[in-house]
Amino acid sequence: SQQGEEDPQALSIQEGENATMNCSYKTSINNLQWYRQNSGRGLVHLILIRSNEREKHSGRLRVTLDTSKKSSSLLITASRAADTASYFCATVGLGTDKLIFGTGTRLQVFP
Amino acid sequence: DSGVTQTPKHLITATGQRVTLRCSPRSGDLSVYWYQQSLDQGLQFLIQYYNGEERAKGNILERFSAQQFPDLHSELNLSSLELGDSALYFCASSSRPGQVSGNTIYFGEGSWLTVV
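For every chain, the first residue of its written sequence is number 1, and the numbers climb from 1 along that sequence. Chains and ligands are labelled sequentially in the order written, the chains with letters from A and the ligands with numbers from 1. Whole-chain, interface and lining totals are the exception, using all residues; otherwise, since this is a predicted model, local features are given only for residues with pLDDT of at least 70 and side-chain atom pairs are given and counted only at 80 or more. Excluding hydrogens and water, the side-chain figures rest on all heavy atoms present in the structure.

So, on to the overall build of chain B. Per the secondary structure count, chain B includes zero helices and 11 strands. Secondary structure of chain B in N-to-C order comes out as β-β-β-β-β-β-β-β-β-β-β. Whereas a compact globule of 116 residues would reach a radius of gyration of roughly 13 Å, chain B reaches 13 Å, a difference of no more than 12%. Projecting the C-alpha coordinates of chain B onto the three principal axes gives extents of approximately 40 × 25 × 20 Å. Expressed as a percentage of its 116 residues, the buried residues of chain B come to 51%. Nonlocal contacts in chain B, meaning residues at least 24 apart in sequence, comprise 56% of its contacts between residues at least 6 apart. The secondary structure listing takes helices from DSSP runs of H or I that are at least 4 residues long and strands from runs of E that are at least 2 residues long, numbered from the N terminus. C-alpha atoms define the radius of gyration in this analysis, and the globule rule sets the expected value at 2.2 Å times the number of residues to the power 0.38. In this scheme, a residue with accessible area under 20% of its type's maximum is buried, one over 50% is exposed, and one in between is partly exposed, where area comes from a 1.4 Å probe on protein chains only. In what follows, residue pairs with any heavy atoms lying within 4.5 Å of each other are defined as contacts.

How big an interface is tends to be stated in terms of the accessible area lost upon association of its parts. With 22 residues of chain A at the interface, the matching set in chain B holds 26 residues. Summed over both sides, the interface of chain A with chain B buries roughly 1,800 Å², with 49% coming from carbon and sulfur. By definition, the buried area sums, over both parts, the 1.4 Å-probe accessible area that each loses when the two are put together. Ranking the residues of chain A by area buried against chain B places Leu43(A), Asp97(A) and Lys98(A) at the top, with a combined share of 28%. Within this document, salt bridges are pairs made up of a side-chain nitrogen of Lys or Arg and a carboxyl oxygen of Asp or Glu, the two lying within 4 Å of each other. Put simply, chain A and chain B have one salt bridge between them. Between Arg41(A) and Glu109(B) there is a salt bridge, with the nearest N and O atoms lying 2.4 Å from each other. Here a polar contact means two N or O atoms within 3.5 Å. Within protein one must be a hydrogen donor candidate and the other an acceptor candidate, and residues neighboring in sequence count only if both atoms are side-chain atoms. Where chain A meets chain B, there are four residue pairs in polar contact (both at pLDDT 80 or more). Of all the secondary-structure elements, those providing two or more residues to the side of chain A that touches chain B are β4 (29–37), β5 (43–50), β9 (85–93) and β10 (99–101) of chain A. Per-element accounting of the side of chain A that touches chain B gives the leading share, five residues, to β4(A).

Right, let's get into the state of the cysteines. Residues and elements named next belong to chain B. Two cysteine sulfurs form a disulfide in these notes if their separation is within 2.5 Å. Applying the stated criterion across every chain yields a total of two disulfides over all chains. Each sulfur in the disulfide pair Cys-23 and Cys-91 lies 1.8 Å from the other. For the disulfide bridge between Cys-23 and Cys-91, the dihedral angle about the S-S bond is near -55°, and by the sign convention the bridge is left-handed. Placement of the pair is Cys-23 in strand β3 (residues 19–24) and Cys-91 in strand β9 (residues 87–94), with a sequence separation of 68 residues. Each of the two residues, Cys-23 as well as Cys-91, counts as buried.

Attention now goes to the packing of aromatic side chains. Between 30 and 60 degrees the pair is tilted, below 30 it is stacked and above 60 it is edge-to-face, where a pair is any two Phe, Tyr or Trp rings, Trp via its six-membered ring, whose centres lie within 6.5 Å. Going through the model one piece at a time under the given rule, you end up with nine aromatic pairs over all chains. Seen in terms of ring centroids, Phe101(A) and Phe107(B) are 5.9 Å apart; in terms of plane orientation they differ by 80°. Their pairing is edge-to-face. Remark: Phe107(B) occurs in strand β10 (residues 106–107) and Phe101(A) occurs in strand β10; the pair is interchain, linking two chains. For Phe101(A), a relative accessible area of 1% translates into the label buried. According to the relative accessible area criterion, Phe107(B) is buried, its value standing at 2%. What links up through ring pairs into an aromatic cluster is the set Tyr35(A), Phe88(A), Phe101(A), Tyr35(B), Phe45(B), Phe90(B) and Phe107(B). The ring of Tyr106(B) has Arg26(B) lying over it, and the distance from NZ or CZ to the ring centre is 3.7 Å. Our definition puts a charge over a ring when NZ of Lys or CZ of Arg is within 6 Å of the ring centre and also within 35 degrees of the ring normal.

Residues and elements named next belong to chain B. One open sheet holds the four strands; their spatial order is β1-β3-β8-β7, and the pairing between them is antiparallel. Only two strands of the sheet have a single partner each, and these edge strands are β1 (5–7) and β7 (64–68). Adjacent strand axes in the sheet meet at a mean angle of 15°, parallel and antiparallel pairs treated alike. Where β7 lies against strand β8 (residues 74–78), five bridges are found, and the strand directions are antiparallel. Of the residues in β8, the one forming a bridge with Ala-66 is Leu-76. In this description, strands pair whenever DSSP reports at least two bridges between them. For every element, the axis is a line fit to its C-alpha atoms; helices are fit only across the contacting stretch, and the angle between N-to-C directions ranges from 0 to 180 degrees.

Here's what the structure looks like:
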């Protein structure tokens, strides 16, 4: 079973534009993490935000978390063709220490 | 390169067969996770081991089993294979046992299993 649903399922933008991906989850969490996966490759950890945090930045990445709405967003600013990949949110529920992944957003950035 | 090594990279086998997927975690990591990624089910957590002991179980079928050996490498055994078992199987490792503290887990490149 999956905890998170991501929206949109797919997103196509031009280089230089910003990309926003949203993640909604069902149960209370300890933390939420975002991962990136290039086609058919392994997942790479991008950023983690704890349940008591509202926003976090890492380079061109900005993550927000709204625990009242059980949702998170990942913003990639000034996107590049190399950002083309699938992006997944993953949650760690309260009382567990398992990382459960969402459905993912496929991002295509055109040069 | 995450430091997590998985073999084989690709595997094609027939229904009813049994396969073993192997994972070597990053040097020093005690925790190993197995995930299955398929088109219809997405990324599913299967099982986690920490220092040789099973720590958490997810959507792992009874036909599947795993273990972590004293040298910390892990194997995922898939038996009585069905067409629907075709998927990309990931191993991941981390230094600490759980994800509550948010320790990063590092994924291997995966083993592509095709059941024909």
